[in-house]
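In case you want the letters, here they are:
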Amino acid sequence: MAQWFEAFTLFEKIYWAIAGISSVILFILLILTLIGGETDGLDGDVDVEIEADTGIEFQFLSLKNLMGFFTIFGWSGIACLEGGLSMGLTLLISLLCGLLMMFAMASLFYYLGKLQSSGTLKIKNALNQTGEVYITIGANRSQIGKVSIKVQGTLREMEALTDEEKDLVMGNVIRVKDITDNGLLIVELLNK
């Protein structure tokens, strides 16, 4: 193996060293991410946004992105050298490939971060939604009942009142027309 490595020029040795070391580090980072062994201390302060804003937006400079850059930089440079390209062209192509990799990884993590939601119910999102009575609701707001209604993509059981003249019983289709200050739904019958 030593003879194989000694046959390279200094320029080729640098590319092989960058590609090998960064590939191993990136592989370790990916394994740690998959098994959940990644900690905040592993990335150091490189992952924080430079302006120190309240939230991390588009992370172009992170440890994973840098390792992705060096990995693609090294391997694309080796491919260019094997293809017989000049040192200048090899350097240019490997830099572009590395930057594209960084941008792709930063975009991926940015959009994955946007998929997160707090899960907090915003009761106002129940307005004008239709649902079904689950537990009888007394006429003229005489008795609190429950309705099954889809709010924010999740089927929920919520307490409700009605202004209808007769009780709303299980199976009646309703629409939420208002919400009280304490979060009770005011519903109306749809299938009269």
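These numbers were taken from a predicted model, which means no experiment stands behind them.

1. Here we look at the state of the cysteines
Then comes step 1: Here the structure, examined in full by the defined rule, presents zero disulfides.
Then comes step 2: As a non-bridged cysteine, cysteine 80 has cysteine 97 as the owner of its nearest cysteine sulfur, 6.7 Å distant.

2. Side note on the packing of aromatic side chains
What characterises a pair of aromatic rings is the spacing of the ring centres plus the angle enclosed by the ring planes.
Then comes step 1: The tally for this structure, following the rule as stated, stands at six aromatic pairs.
Then comes step 2: With 5.1 Å between their ring centres and 75° between their planes, phenylalanine 69 and phenylalanine 70 make a pair best called edge-to-face.
Then comes step 3: With a relative accessible area of 10%, phenylalanine 69 lands in the buried category.
Then comes step 4: Taking the relative accessible area as the measure of exposure, phenylalanine 70 reaches 33% and is therefore partly exposed.

3. Topic: the sheet that holds strand β4 (residues 173-179)
Then comes step 1: Within the closed barrel, the five strands sit side by side as β1-β2-β3-β5-β4. Their pairing is mixed. Direction aside, the axes of adjacent strands within the sheet are offset by 55° on average.
Then comes step 2: As paired strands, β4 and strand β5 (residues 185-189) are joined by five bridges and run antiparallel to one another. In the sheet register, isoleucine 179 faces β5, and the bridge partner there is leucine 185.

4. Some thoughts on the pairing of strand β2 (residues 145-151)
Then comes step 1: Extensive coverage of β2 is indicated by the burial of five of its seven residues.
Then comes step 2: Bridge analysis of β2 against strand β3 (residues 154-162) gives seven bridges, and the strand direction is antiparallel. Its bridge partner being in β3, lysine 150 is matched across the sheet by leucine 155.
Then comes step 3: Where β2 folds back onto β3 in an antiparallel hairpin, the turn is made up of two residues, including glutamine 152, whose phi is positive at roughly 55°.

5. Side note on the nonpolar core
Then comes step 1: Among the nonpolar cores identified, the biggest contains 15 residues, and Ile137, Val147, Ile149, Leu168, Leu185 and Val187 are the most heavily contacted of them.
Then comes step 2: Within the residue set of this core, elements represented by two or more residues are β2, β3, β4 and β5.
Then comes step 3: Not counting the four nearest positions on each side in its chain, valine 147 is found in contact with Glu132, Val133, Tyr134, Ile137, Arg156, Glu157, Met158, Ala160, Ile174 and Leu185.
Then comes step 4: One finds Phe11, Tyr15, Ala19 and Met102 within the second-largest nonpolar core, a separate group that totals eight residues.

6. Topic: helix α2 (residues 10-35)
Then comes step 1: Under the 1.5 Å per step criterion, the end-to-end length of α2 is 38 Å for 26 residues, consistent within 8% with the ideal 38 Å.
Then comes step 2: Among the residues of α2, Phe11, Glu12, Tyr15, Ala19, Ser22, Leu26 and Leu29 are the ones counted as buried.
Then comes step 3: Once α2 ends, the next one or two residues include glycine 36, with phi positive near 80°.

7. Remarks on the confidence of the model for the protein
Parts of the model with low pLDDT should not have their predicted coordinates read in detail.
Then comes step 1: Averaged over all residues, the pLDDT of the protein equals 83, while 84% of them reach at least 70.
Then comes step 2: Low pLDDT (under 50) marks residues 40-56, which in the prediction has 17 contacts with non-local residues, meaning those over four places away or in another chain.

8. With respect to the pattern of salt bridges
Then comes step 1: Using the criterion set out here, one finds three salt bridges in the structure.
Then comes step 2: One salt bridge connects glutamate 188 with arginine 175, and the closest N-O pair in it is separated by 2.3 Å. Of this pair, glutamate 188 sits in strand β5 while arginine 175 sits in strand β4, and the two are 13 residues apart along the sequence.
Then comes step 3: You can call arginine 175 partly exposed: its relative accessible area is 23%.
Then comes step 4: Each member of the salt-bridge network shares a partner with another, and the members are Arg141, Asp163 and Lys177.

9. Details of unusual backbone geometry
Then comes step 1: Of note, the phi angle at asparagine 128 is positive, near 65°, even though the residue is not glycine.
Then comes step 2: As for its placement among the helices and strands, asparagine 128 is situated in the loop between α5 (87-114) and β1 (130-135).
Then comes step 3: Of note in the backbone geometry, asparagine 140 takes a positive phi value of approximately 50° without being a glycine.
Then comes step 4: Looking at where asparagine 140 falls in the secondary structure, it is placed in the loop between β1 and β2.
Then comes step 5: Owing to a relative accessible area of 44%, asparagine 140 belongs among the partly exposed residues under this scheme.

Rules of the game
Residues numbered from 1 in each chain as written. Predicted model: local features only at pLDDT ≥ 70, side-chain atom pairs only at ≥ 80, totals over all residues. Heavy atoms only, no water. Disulfide = S-S within 2.5 Å. Phe/Tyr/Trp six-rings, centres within 6.5 Å; stacked < 30°, edge-to-face > 60°. Buried < 20%, exposed > 50% of the residue type's maximum accessible area, 1.4 Å probe, protein only. Pairing = 2+ DSSP bridges. Helix = DSSP H or I, 4+ residues; strand = E, 2+ residues; numbered from the N terminus. Axes fitted to C-alpha atoms, helices over the stretch in contact; angles between N-to-C directions. Core = buried A, V, L, I, M, F, W, Y, C linked by side-chain atoms within 4.5 Å. Contact = heavy atoms within 4.5 Å. Expected span 1.5 Å × (residues − 1). pLDDT = per-residue confidence, 0-100. Salt bridge = Lys/Arg side-chain N within 4 Å of Asp/Glu carboxyl O.

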